[in-house]
Amino acid sequence: MLRRATDWLAREVDQIKGQNLYRQLRTISPSVQSGRSLVEGKENIMASSNNYLGLAGDQRLTDEAVKVMKEYGVGSTGSRLTTGNTIWHEKLEKRIAEFKKKEASLVFSSGYLANVGVISSLAGEGDMILSDQYNHASIIDGCRLSRAQTNIYRHVDMEDLQAELIDSQHYKRRFIITDGVFSMDGDMAPLFEIKALADKYDAYVIVDDAHATGILGKNGRGTADHFGVSVDVIIGTLSKSIGTEGGFVTGTKSLIDYLRNRARSFVFQTALPAGTMAAAIKAIDIIESSPQLQHQLQNLTYRLRKELLYYGFDVKGEQTPIIPVLIGDSNKAMKFSRELENNGVFAPAIRPPTVPQGESRIRLTVMAIHTEGDIQKICQAFYKVGKKLEVI
Ligand SMILES: *Cc1c(COP(=O)(O)O)cnc(C)c1O
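Residues numbered from 1 in each chain as written. Predicted model: local features only at pLDDT ≥ 70, side-chain atom pairs only at ≥ 80, totals over all residues. Heavy atoms only, no water.

1. Comments concerning empty space enclosed by the protein
Scanning all chains against the criterion turns up 1 cavity of 30 Å³ or more. Space inside the largest cavity adds up to approximately 60 Å³. Residue lining of the largest cavity: Arg-80, His-89, Val-107, Phe-108, Ser-109, Ser-265, Phe-266, Gln-269, Thr-270, Ala-271 and Leu-272, and that is the complete set. Those elements that provide at least two residues to the lining of the largest cavity are strand S4 (104–108) and helix H10 (264–267). Grouping the constituent residues of the lining of the largest cavity by class yields 5 nonpolar, 5 polar and 1 charged. (1 Å grid on protein atoms, 1.4 Å probe; cavity = no way out; pocket = protein on both sides within 12 Å on 5 of 7 lines; lining within 4 Å. Points joined across faces, edges and corners; volume = space filled by probe spheres on them. Helix = DSSP H or I, 4+ residues; strand = E, 2+ residues; numbered from the N terminus. Nonpolar A, V, L, I, M, F, W, Y, C, P; charged D, E, K, R; others polar.)

And the structure:
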């Protein structure tokens, strides 16, 4: 039995290799405070981390986590509803709600689990979910688990969304779900228009703000704040600009009460350790009181994007620190990434199924801890490799 299973799996893996889509792990030793990394022993400029504000390596967060871990231990011992809940989880939930200007919030063990738990418990049979074509995999999985009818609208296409809303008026409840900032394209959802359509056709709006929290809006409050609208449900992660681990949802008190009882990925999951919660609180404090981090990020992003466009690269996205450079063919994207690494820049290729066929890319991200010199070196490496591989 075991041998037969292995044969079958080995054939599947061979097929993935044949399509040039085989994925391998790289061993990274981050020098998190400097925006550099050792990748298998060689130093590189880290140019694709989600640690946008550099907080993952911030001494203030580490000190806070260590202090609380010494008191509470490294494991939480159980689900929040049994033995895993501490004052630090509760403090963090209050802090997130305050930060996002909402009534209440709930922390999950990851953003992935927040999406899966929230979507699958809010939407059910007889409901309709309208989901942007480029939404994150965890949203897609949440939709699948929900048993609601899920229709995909073309990426940020408001005419298509409106047509779907008109066609689905006989459904019990309708939910529009979108990334605030799209993780692989770096563009923003047009939340002002989405909210207007939702109001007109009586639908709920759920926004996954994984890449906008700490980045967009006043003090990094997120995409809804950036567009000056209020949406029903905001989901987020603590693992990107906040620099720690975990996910959250924020909204009305009754939403959070309901989810605490019904979201299976909350109820049946061991809580995160208290030290991580304490570090996340510290991160939000820093984000709110250090607008210069956001400004630095914006300045460096503007410079890098402008330079790459000037060289003639096909650059996607807008205003956000995600700068996807389109290469096209997945083989060529892999080669491009390897060449970048030879030139001291670490940025893996992003290939299908993460992005559509023929749209393989290098997804660059800027960090507030990058220096002007780092940005210059990234530009130089891109120019050199772009010429060599005839991308520009
Ligand atoms: C990263 C990401 C998630 C998942 O968050 P984790 O905390 O890493 O599980 C969810 N949604 C989007 C849009 C993301 O980019």
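2. Some details on the packing of aromatic side chains
A full pass over the atoms with the stated rule returns 7 aromatic pairs. Relative to Phe-336, the ring of Phe-313 lies with its centre 6.2 Å away and its plane at 85 degrees, an arrangement referred to as edge-to-face. Pair noted here: Phe-313 is in the loop between helix H12 (291–311) and strand S11 (314–315) and Phe-336 is in helix H13 (residues 330–342), with a separation of 23 residues, a long-range link. Take Phe-313: its relative accessible area is 4%, and that puts it in the buried class. Members of the aromatic cluster, connected to one another through ring pairs, are Tyr-310, Tyr-311 and Tyr-383. The lysine or arginine in question, Lys-17, covers the ring of Tyr-22, its NZ or CZ lying 4.6 Å from the ring centre. (Phe/Tyr/Trp six-rings, centres within 6.5 Å; stacked < 30°, edge-to-face > 60°. Buried < 20%, exposed > 50% of the residue type's maximum accessible area, 1.4 Å probe, protein only. Lys NZ or Arg CZ within 6 Å of the ring centre and 35° of its normal.)

3. Re the site of the ligand
Among the 15 residues in the neighbourhood of the ligand, the closest are listed as Gly-111, Asp-208, His-211, Thr-237 and Lys-240. At 2.9 Å from an oxygen atom of the ligand is found a main-chain nitrogen or oxygen belonging to Tyr-112. In the model, a nitrogen atom of the ligand is placed 3.4 Å from a nitrogen or oxygen of the His-136 side chain. Summarising the interface, the protein chains cover 85% of the accessible area of the ligand, which totals 380 Å² for the free molecule. Grouping the amino acids of the shell around the ligand by side-chain chemistry returns 2 nonpolar, 10 polar and 3 charged. (Near = heavy atom within 4 Å. Polar contact = N/O pair within 3.5 Å; in protein donor to acceptor, adjacent residues only side chain to side chain. Areas by Shrake-Rupley, 256 points an atom, 1.4 Å probe, with all protein chains shown as cover.)

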